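Single-letter residue listing:
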Amino acid sequence: MIRIKTPYEIEQMRHTCLLAAQTLRMIEPYIQVGVTTQRLNDICHQFILDHGAIPSPLNYRGFPKSICTSVNQQVCHGIPSSRVLREGDIINVDITTNLNGFHGDTSRTFAVGVVNVRAAKCIEVARNCLEVGIRAVRPGGHVGDIGAAIANYAQSQRCSVVREYCGHGIGRDFHEDPAIMHFGEVGQGALLRPGMIFTIEPMINLGKAAIRHLPDKWTVVTQDHSLSAQFEHTVLITPDGYEVLTDIDQVDRNASHESAA
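Below is a short write-up of the structure. (Residues numbered from 1 in each chain as written. Predicted model: local features only at pLDDT ≥ 70, side-chain atom pairs only at ≥ 80, totals over all residues. Heavy atoms only, no water.)

## Focus on the pattern of salt bridges
To be explicit about the condition: The working definition used for a salt bridge is a side-chain nitrogen of Lys or Arg within 4 Å of a carboxyl oxygen of Asp or Glu. Runs of H or I in DSSP of at least four residues are treated as helices and runs of E of at least two as strands, each being numbered from the N terminus. Relative accessibility thresholds used throughout: buried, under 20% of the residue-type maximum; exposed, over 50%; partly exposed, between the two (1.4 Å probe, protein chains only).
The tally for this structure, following the rule as stated, stands at seven salt bridges. Note that glutamate 9 and arginine 172 form a salt bridge whose closest N and O atoms lie 2.9 Å from each other. Of this pair, glutamate 9 sits in helix 1 (residues 7–27) while arginine 172 sits in the loop between strand 7 (167–169) and strand 8 (176–180), placing them 163 residues apart in sequence. What makes glutamate 9 buried here is its relative accessible area of 15%. Judged by relative accessible area, which is 44%, arginine 172 ranks as partly exposed. Of the charged contacts in the structure, one is a salt bridge between glutamate 11 and arginine 14, with a shortest N-O distance of 3.1 Å. Remark: arginine 14 and glutamate 11 occur in helix 1; sequence separation between them is three residues, near one turn of the helix.

## A short note on the environment of asparagine 41
To be explicit about the condition: Any two residues whose heavy atoms approach within 4.5 Å at even a single point are treated as in contact.
Looking at the secondary structure, you find asparagine 41 in helix 2 (residues 37–50). With near-sequence residues (within four places) excluded, asparagine 41 lies in contact with Lys65, Ser66, Ile67 and Pro80.

## Points about the pairing of strand 4 (residues 90–99)
Spelled out, the test is: Note: two strands are recorded as paired if DSSP finds a minimum of 2 bridges between them.
Summarising burial for strand 4: 10 of the 10 residues are buried, a large majority. By the alternation rule, side chains of strand 4 split into Ile90, Asn92, Asp94, Thr96 and Asn98 and Ile91, Val93, Ile95, Thr97 and Leu99, which are all buried. As judged from the two bridges shared by strand 1 (residues 54–55) and strand 4, these two strands associate in the antiparallel manner. Paired with isoleucine 54 across the bridge in strand 4 is asparagine 98.

Below, the structure written as structure tokens:
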């Protein structure tokens, strides 16, 4: 069942999504050559606790850490560990916060030091896929509009879209309906209605779309060892468009306009 959020729930979602975005912005300076992914986890964990929330991934269905850190050919759900980041790596950091019983979800792929042309392209295409997916959101549209926009752009860049994982409704539960596939057909799928909140989080491979799981049963990697990148936002459908709840730059701009007024 797709849940249409009440005004109270929407306001609570704004708070938790802002914290998720603040956590992702806070961790960026720490993403450097020589840092371990466990260190990134620990910093984010404490930051979230210090702001009155808890990390949603911790112990969720048995996941052992507070954030996901997926490096290079890792597609998603990478488990923070003693792995040391090296020059030229790319890493997706996926943050979900539970603040006052509401979940906010966002992720971004970062370059570690100077990356090569292929890594830079992977990051750019994934970022653009998220942006074109968001631009396809409108009340009265359909879930398939989002997936079609993402897949068409990725294909135009000779990249592939992971099909086994998708965006999802979010709110009082970490994962809710509807599933937001990152491929599809325009005009197909669930109707987009004001008050719906969901994530868009395309996982884009530089090579083929095929994936596999590592023995830890969480970490997903590309079968052909090609690079993978992902960006994610939590999006609210409004009566006349959309609001990106985890876009901290937009939140800052809105706050500045309100102060000026």
